[in-house]
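Here is how the chains run, residue by residue.
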Amino acid sequence: MDGNTFPKLHNAMWPGLVGKGDEEPPISLDKMLDMTAAAEVDGVKFDGVDLFLADPHTSIDVDDDGIKALADNVGGRGLAIGSAVAPVWPPVGGGSAMDEGEGRTAFLTAVDKACRIMGRLRDLGVRKGGVVRIDTATGVAEWAEDPAGNTAKMAETFRQACDIAADHGERLAAEGEICWGGMHSWKHMVELFEAVDRPEILGFQADLAHTMLYAMGYNAPEHALITSEQLDDQAALDEALRKITDALRPWTIDFHVAQNDGTVHGSGSHDTTGRHCMATDPNGKLDVVKHSGFWLNNPDGTPTKAMRHICWDGCMFPNAVLENQQTWNDILATMIRVREAHGWSE
């Protein structure tokens, strides 16, 4: 069915945690791993998983025995580990990248601990590649009080994070998302990358759902390229997304396959951001396979090969949906189609 062997197909573990609370309790890492390992479409299975380094899945303070147990737990299911989310936000012990004091210290500590864990997983053989994912951990309103000054502060925090990552042999990827100040529009994202100026270490983590909200200018109307009324006009949507991908593709080192219906959503402690939809949602505005190619391919249509694995991302769904095995089979089927269209073999 799927002749290409790259990019490898990963499933995200954080949908079991993000946006969860009293009404929708977290889903354990073991349960998420079980459903990932059980997913299969015409003999094709997920190759690996991407992690969230936070309790109750994996403590950012996990000791070496715990890291070895994690490697055995994932690898024993025939899965590899790729990228991981560093817990850089204040609610989970991190701090704002805009805070030059304790916030920066906490942010950098989270990055250092995440890089240590991921490097050890690489040493243990369960991890072949991937990045450590970060963002500014700052709201848009706070950033907007002094855009130029606050972007400069964030850039300094990111530069120091790059030094830490380099020491560990890791790369960092900033996920463009409308809820993070200084990263909430495609133009501001490029400006932050240029201010940091560490392309060998810091790159962009593109999520199809979130970058479609970039096109709509949800939190930056001055940078909008399309209106909500135009989302059903595929030519207009294609033109908007091509402008964004042309600007950010050179920075892109991590990619999330996702779907969005043109709306926003937030739950639990997660700020309002682009709503993730199920892979088969008829209200989805993206042609997931085609629009993935905007990020995965060069302008001439050849694969960039910048990402050796891609990951599904779909957060803030009810547990009844996430605990249904068919959900993950449908997601895997979509991922396979993306690889069929835009992958390669080695």
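Residues numbered from 1 in each chain as written. Predicted model: local features only at pLDDT ≥ 70, side-chain atom pairs only at ≥ 80, totals over all residues. Heavy atoms only, no water.

## Let's talk about helix α2 (residues 64–75)
So, point 1. Between the first and last C-alpha of α2 there are 16 Å, a value that for twelve residues agrees with the 16 Å anticipated at 1.5 Å per step.
So, point 2. Residues I67, L70, A71 and V74 constitute the buried set of α2. When α2 is viewed along its axis, its buried side chains cluster within an angular range of 100° and face the same direction. Seen from the open side of α2, the exposed residues pointing more than 90 degrees away from its buried face are D65 and D72.
So, point 3. On its buried side, α2 packs onto α1 (29–38), β2 (48–52), β3 (80–85) and α3 (102–123). (Helix = DSSP H or I, 4+ residues; strand = E, 2+ residues; numbered from the N terminus. Expected span 1.5 Å × (residues − 1). Buried < 20%, exposed > 50% of the residue type's maximum accessible area, 1.4 Å probe, protein only. Arc of directions from axis to C-beta. Contact = heavy atoms within 4.5 Å.)

## Things to note about the packing of helix α5 (residues 147–168) against helix α6 (residues 186–196)
So, point 1. The interhelical angle for the contact between α5 and α6, taken along N-to-C directions, is 55°, at an axis separation of 8 Å. Here α5 lies oblique to α6, going by the angle between them. Seen along the crossing, α5 lies across α6 with a hand that is right-handed. In this structure, α5 contributes T151, M154, A155, F158, R159 and C162 to the contact, and α6 contributes L192, A195 and V196. (Axes fitted to C-alpha atoms, helices over the stretch in contact; angles between N-to-C directions. Parallel < 35°, antiparallel > 145°, perpendicular 65-115°, else oblique. Left-handed = near helix turned anticlockwise from the far one by under 90°.)

## Here's the deal with the layout of surface pockets
So, point 1. Its volume calculated, the second largest pocket comes out at about 380 Å³.
So, point 2. In this structure, the second largest pocket is lined by 18 residues; those nearest its centre are K128, G129, G130, R308 and H309.
So, point 3. Residue composition of the lining of the second largest pocket, grouped by class: seven nonpolar, five polar and six charged. (1 Å grid on protein atoms, 1.4 Å probe; cavity = no way out; pocket = protein on both sides within 12 Å on 5 of 7 lines; lining within 4 Å. Points joined across faces, edges and corners; volume = space filled by probe spheres on them. Nonpolar A, V, L, I, M, F, W, Y, C, P; charged D, E, K, R; others polar.)

## A few points about the packing of aromatic side chains
So, point 1. Within the structure shown, the criterion is met by seven aromatic pairs.
So, point 2. Measuring from ring centre to ring centre gives 5.8 Å for F6 and W344, while their planes differ by 15°; the resulting arrangement is stacked. Of this pair, F6 sits in the segment before β1 (8–12) while W344 sits in the segment after α11 (325–342), placing them 338 residues apart in sequence. Of the two residues, F6 and W344, neither departs from the other in class, the shared state being buried. (Phe/Tyr/Trp six-rings, centres within 6.5 Å; stacked < 30°, edge-to-face > 60°.)

## A word on the packing of helix α9 (residues 288–296) against α11
So, point 1. Between α9 and α11, the shortest axis-to-axis distance is 9 Å and the interhelical angle comes to 50°. With respect to α11, the axis of α9 lies oblique. Handedness of the α9/α11 crossing: right-handed. On α11, the residues that touch V288, V289, K290, S292, G293 and L296 of α9 are T334, R337, V338, A341 and H342.
So, point 2. Here the contact of α9 with α11 is composed, by residue class, of five nonpolar, four polar and two charged.

## A few points about the confidence of the model for the protein chain
So, point 1. With 96% of its residues at a pLDDT of 70 or more, the protein chain shows a mean pLDDT of 94.
So, point 2. In this model, residues 265–271 is a region of pLDDT below 50 whose contacts with residues beyond four sequence positions or in other chains number 18 contacts. (pLDDT = per-residue confidence, 0-100.)

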